[in-house]
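Breakdown of the fold
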Amino acid sequence: MGSPDWPTLPIVHSIRGKVLLAVGLFALGGRLRAASPCNVTPYGNGLIYDCVSSSHHMTSYPSGGPESAAWAIRVTGRLAGSPDVFDTTINTVSPPESTPAVAATFEEAKHAIAAAAGRAVPITGPTLVDSATVPANAKPLANVVRSTTSMQSFHFSPVLFGDYCVGDLGDLPASPVESTFKAPCAATATMVHLRCFGFNFCSVIADRLHDVHTHTATELYSTLIVTGTLTTSHYKLVGEGAPSTLTVPIVLSPTGGSAFTSELTLTNRGATDAQVSYLYTPAFGGPGSAGTDMLPAERQRVIPDAIAYLEGLGVTNTGSAGTLRITFEGLSALDAASAMVRTTAAVPEGRAGLSYSGLASWKLLSAPAYLCGLRQNATDRSNVAVLNAGSPADGDVRLRLTVFSGDPADPRSKALPDITLSPGGFTQISGILVSNGLALPSGYVKVERVSGGAPFYSYGVINDQITSDGSFVEPVAASPVSPISSMTVPALVETSAYETELILTNVSSAPRTLRFTWASPSLTGGQAAFSIALLPGEQQLLPAFVQLLRERGVVTNLLGPSFAGALFALDDSGDLRGISIAARITTKTGGGRFGVFLPAYPSGSEATTSAWLYGLQQNAETRSNLALVNTGAADASPSTFRIDLFDGATGVKTGSLVTTVPARGFVQIDRILAVYAPGTGDGCALVTKISGDNPFLAYAVLNDGAEPGRRSGDGAFVTASIPAS
């Protein structure tokens, strides 16, 4: 892939819990325990149930008030270094420390963190992150809870018989017993049947339920009016010490007959040494194999041939390609570890290829996704790969790939034969647009899980027919959970050597109109605005895009100057879900092309305070450029960044610089290690925003050749790692 050395240029409230009832009864609390919560012992002709639970009963009432004070308590939970796995807001008319529903929500967050880790982990918190109190003048507050009563113990001897729910979210009479707390048992409770012998007044020969745990009943009001003060607080719980597992989609080696070599870069930016375990699964059959080594704290290791390195650790049956699960244990933070792969092939000028990252569990797929921008013609071919990204315990997964033409004039689609993969299993469909009887010049592919519970992953590669240079195509979720208000393509470029292809895909069932702003200081007025309409299911591949804008009268500047800047996209509907946007920047060489593929970043995925860039190199064969984009999403203010550079071999800081980027501006620092950290052969960069309010993008490009004009110049795109807040 070629890469240019471009010129520098109202509160949403929810209650997460378990619903127990039929008639206005709610409960918030813990999760299922496998064992029964009751110890059962004989007592005369009956039984005694000694039970333990952590119940918090909540009864629903209509609107009430007014209240002189209220609290909105947000509770979030996550594993260290990962996104939130729990985020709930509880509105109360009593302080959080005296509200049982809040305590129950803390427990719910702990269970969510443990579920995300796949095992019990130490949890810090709940920690109060922030709290603020403001006057509230007739402020309506929905779903407000209030503590009412507390019982230390109770002892049941039913008149005749009855079923009772005991355990977490239990201790309630179940139907057909008549009671205020009438409800079926929750999944987290166990039903016990209490009865009398003789069908008269119960005596010691009755079954008995005895529970000495404290039980609290809580009222839930649908809406209250607050006329005094409203306090908003945020409590955070964080799971520490869990191992970090990254899935590498594929590594290749010429020792097995492949034309490609995978360079693996491992980084541990944490404060503790990590044990690294590898589980390798051959891509073309045969048993997997494992190996281990260590990665010291604050170190980076660049491995020129990943498979040869694994063989040195005792991994067998490697072949020419395989998938790789890398587990780091002993990290000081879950997001301290990184794995990056650069896969390249030899070309007459040097090397050409692409890069991709090891995938954390939350980046794996469980829902349908699309691979867009594929093509098959005289200049390019497209392959699609799928893999079972689960652990050995996750079992098989069956995947279905459906190919779409993306052409409104010929709207074809075809489902390919289902693919079943065991854990670590991998399959590639080469030339997918002309496979299985297809003959499509371009198109996109939907990948979905048909059966099995294992996570999976899929990616595409667009290869140049002459140079074999590849572009790595990441999957786009078919139905993201959160709305996407905007997207940003980091760079749109036209120079004397480079041009940009814009790739637009509408996988939704509705027509869409995309509205773009391209910001570049070389443009007249500093920017160009335009719109593009997409029909349902349509894909547009727009080569030489800046020239196309010139032909359409959007750009009035003549060909000649260098144009480089970010492209910002909006949608008339205000939500870009169902839309894929990417750019492919290429340069011609020897009848073929080298290039770099840039995905669009959806709103919410940008960095806000800091970002790490790993795997930077400066040596006889490779140089690294680093780029920043100030998205201007918040306001028109500039942002100032400090970039600290660290030597991968020693962990020592070897250089630093400060740069300012205007709103919607783009800045690239060429050969950043050579210029600002001389003598650093490989390293990483920490980008910290020191002023400004806008989110930002940071990325790097590894170019073949120590300087521009040397070797192939082909680049591999490296996305930033954003630390968890």
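Residues numbered from 1 in each chain as written. Predicted model: local features only at pLDDT ≥ 70, side-chain atom pairs only at ≥ 80, totals over all residues. Heavy atoms only, no water.

1. Points about the overall build of the chain
Keep this limit in mind: Each helix is a run of H or I in the DSSP string that is no shorter than four residues. Each strand is a run of E no shorter than two, and both are numbered from the N terminus. Burial here depends on accessible area, computed with a 1.4 Å probe over protein chains only, as a share of the maximum for the residue type. Under 20% is buried, over 50% is exposed, and the range in between is partly exposed. What sets the accessible areas is the Shrake-Rupley method with a 1.4 Å probe; for residues, cover comes only from the shown protein chains.
In terms of regular secondary structure, the chain is built from four helices and 50 strands. When each of the 725 residues of the chain is scored for burial, the buried share is 54%. A total of about 28,600 Å² of accessible surface is found on the chain, and carbon and sulfur atoms cover 56% of it.

2. Quick word on the side chain of Thr327
Definition in use: We call two residues in contact whenever any of their non-hydrogen atoms come within 4.5 Å of each other.
Looking at the element boundaries, Thr327 is found in strand β21 (residues 321-329). The contact partners of Thr327, leaving out residues within four places of it in the chain, are Pro243, Ser244, Thr245, Gln275, Val276 and Ser277.

3. Observations concerning the pairing of strand β35 (residues 498-506)
Put simply, the rule is: By the convention used here, strands pair only if DSSP detects at least 2 bridges between them.
With eight of its nine residues buried, β35 lies for the most part within the structure. Here β35 runs beside strand β40 (residues 579-589); their pairing, made up of nine bridges, is antiparallel. Across the sheet, the residue bridging to Tyr498 is Thr587, located in β40. Where β35 meets strand β38 (residues 539-542), four bridges bridge the pair, whose relative direction is antiparallel. Paired with Ile503 across the strands is Leu541, a residue of β38.

4. A look at the sheet that holds strand β50 (residues 715-719)
Stated precisely, the cut-off is as follows: Angles run from 0 to 180 degrees between N-to-C directions of axes, and those axes are lines fitted to C-alpha atoms, restricted for helices to the stretch in contact.
If you walk across this open sheet you meet the four strands as β47-β44-β49-β50, and the pairing is antiparallel. With partners counted over all chains shown, the strands left at the sheet margins are β47 (666-669) and β50, one partner each. Across the sheet, the mean angle from the axis of one strand to that of its neighbour is 20°, orientation sign disregarded. Pairing of strand β44 (residues 622-630) with β47 involves four bridges; the strand directions are antiparallel. Of the residues in β47, the one forming a bridge with Ala627 is Gln668.

5. Here's the deal with the environment of Ile672
Mapping Ile672 onto the fold places it in helix α4 (residues 672-676). With relative accessibility at 0%, the residue Ile672 sits in the buried group. The sequence separation of Ile672 and Ser656 amounts to 16 residues, and the corresponding C-alpha distance is 9.9 Å. Here Ile672 is in contact with Leu616, Ser624, Leu626, Ile643, Leu645, Leu657 and Ala677, once residues within four sequence places are set aside.

6. Details of helix α1 (residues 100-117)
Quick reminder: α-helices carry 3.6 residues per turn. Residues three or four places apart thus point the same way. Formally: The span you would expect from a helix comes to 1.5 Å times its residue count less one.
For α1, which comprises 18 residues, the first-to-last C-alpha distance of 26 Å matches the rise-based estimate of 26 Å (1.5 Å per residue) to within 8%. Considered for burial, the residues of α1 that qualify are Pro100, Ala101, Val102, Ala104, Thr105, Phe106, Glu108, Ala109, Ala112 and Ile113.

7. Some thoughts on the packing of aromatic side chains
One pair of aromatic rings is described through two measures. These are the centre distance and the angle between the planes. Our working definition: Under the pairing criterion, centres of Phe, Tyr and Trp rings, with the six-membered ring standing for Trp, must be within 6.5 Å; the plane angle then separates stacked pairs below 30 degrees from edge-to-face pairs above 60, leaving the rest tilted.
As enumerated under the stated definition, the model contains 13 aromatic pairs in all. Between Phe516 and Phe530 the ring centres are 5.2 Å apart and the planes differ by 20°, which places this aromatic pair in the stacked class. Highlighted residues: Phe516 in strand β36 (residues 512-519) and Phe530 in strand β37 (residues 527-534), separated in sequence by 14 residues. Accessibility expressed as a relative area gives 2% for Phe516, which makes it buried. Accessibility expressed as a relative area gives 10% for Phe530, which makes it buried. Taking the centre distance of 5.8 Å and the plane angle of 35° together, the rings of Trp612 and Phe646 count as tilted.

8. What about the pattern of salt bridges?
In plain terms, the rule: Put simply, a salt bridge is a Lys or Arg side-chain nitrogen that is within 4 Å of an Asp or Glu carboxyl oxygen.
Under the definition given, this model contains 20 salt bridges. Between Asp704 and Arg711 there is a salt bridge whose closest N-O contact spans 3.0 Å. On the basis of relative accessible area, Arg711 is assigned to the partly exposed category, the value being 30%. Because the salt bridges share partners, they merge into one network encompassing Arg375, Asp380, Glu501 and Arg584.

9. Digging into the side chain of Thr488
One can find Thr488 in strand β34 (residues 487-494). If we ignore the near neighbours within four places in the chain, the residues touching Thr488 are Ala566, Leu567, Phe568, Pro599, Ala600, Tyr601, Val629, Thr631 and Leu697.

10. Comments concerning the environment of Thr587
Test applied: In protein, a polar contact requires one atom able to donate a hydrogen and another able to accept it; more generally it is a pair of N or O atoms within 3.5 Å, and residues adjacent in sequence count only if both atoms are side-chain atoms.
Checked against the element boundaries, Thr587 lands in strand β40. As a C-alpha pair, Thr587 and Asp714 span 127 residues in sequence and 9.0 Å in three-dimensional space. Here Ala497 takes part through its backbone oxygen, which lies 3.0 Å from a polar atom of the side chain of Thr587.

11. Describing the sheet that holds strand β22 (residues 337-347)
Here four strands make up an open sheet; going across it, the order is β20-β17-β22-β23 and the pairing antiparallel. Strand pairing shows two members of the sheet lacking a second neighbour, β20 (299-303) and β23 (350-357), which therefore form its edges. Taking the axes of each pair of neighbouring strands and ignoring which way they run, one obtains an average angle of 20° across the sheet. Summarising the sheet, strand β17 (residues 260-268) and β22 pair through nine bridges and their orientation is antiparallel.

12. Side note on the nonpolar core
Just so we agree on the cut-off: Only buried residues count toward a nonpolar core, which is a set of Ala, Val, Leu, Ile, Met, Phe, Trp, Tyr and Cys residues joined through side-chain atoms within 4.5 Å.
Core analysis: the largest hydrophobic core is formed by 67 residues, its most contacted members being Leu264, Leu266, Ile326, Phe328, Leu401 and Ile432. Within the second largest apolar cluster, 28 residues are counted, among which are Val489, Leu523, Leu542 and Ala583.

13. Overview of unusual backbone geometry
Look at the link from Gly125 to Pro126: it is a cis peptide, with omega at 10°. Looking at the element boundaries, Pro126 is found in strand β8 (residues 123-135). Despite not being glycine, Ala544 has its phi angle at roughly 45°, a positive value. Here Ala544 falls in the partly exposed class, since its relative accessible area comes to 25%.

14. Let's talk about the confidence of the model for the chain
Using the following cut-off: One number per residue, pLDDT, summarises how confident the predictor is, and it ranges from 0 to 100.
Mean pLDDT over the chain stands at 84; residues scoring 70 or higher make up 82%. Contacts of residues 152-159 to residues separated by more than four positions or lying in other chains number 29 contacts, the stretch itself having pLDDT below 50. Segment residues 173-182 is flagged for pLDDT under 50; beyond a separation of four residues in sequence, or across chains, it makes 22 contacts in the model.

15. Some thoughts on the environment of Arg325
For Arg325, the location among the structural elements is in strand β21. Along the primary structure Arg325 and Ser391 are separated by 66 residues, whereas in three dimensions their C-alpha atoms are 8.5 Å apart. Discounting chain neighbours no more than four positions away, the residues touching Arg325 are Thr245, Leu246, Thr247, Ser277, Tyr278, Leu279, Ala389, Gly390 and Ser391. In terms of polar contacts, Arg325 uses its side chain to reach the backbone carbonyl oxygen of Ala389, at 3.3 Å.

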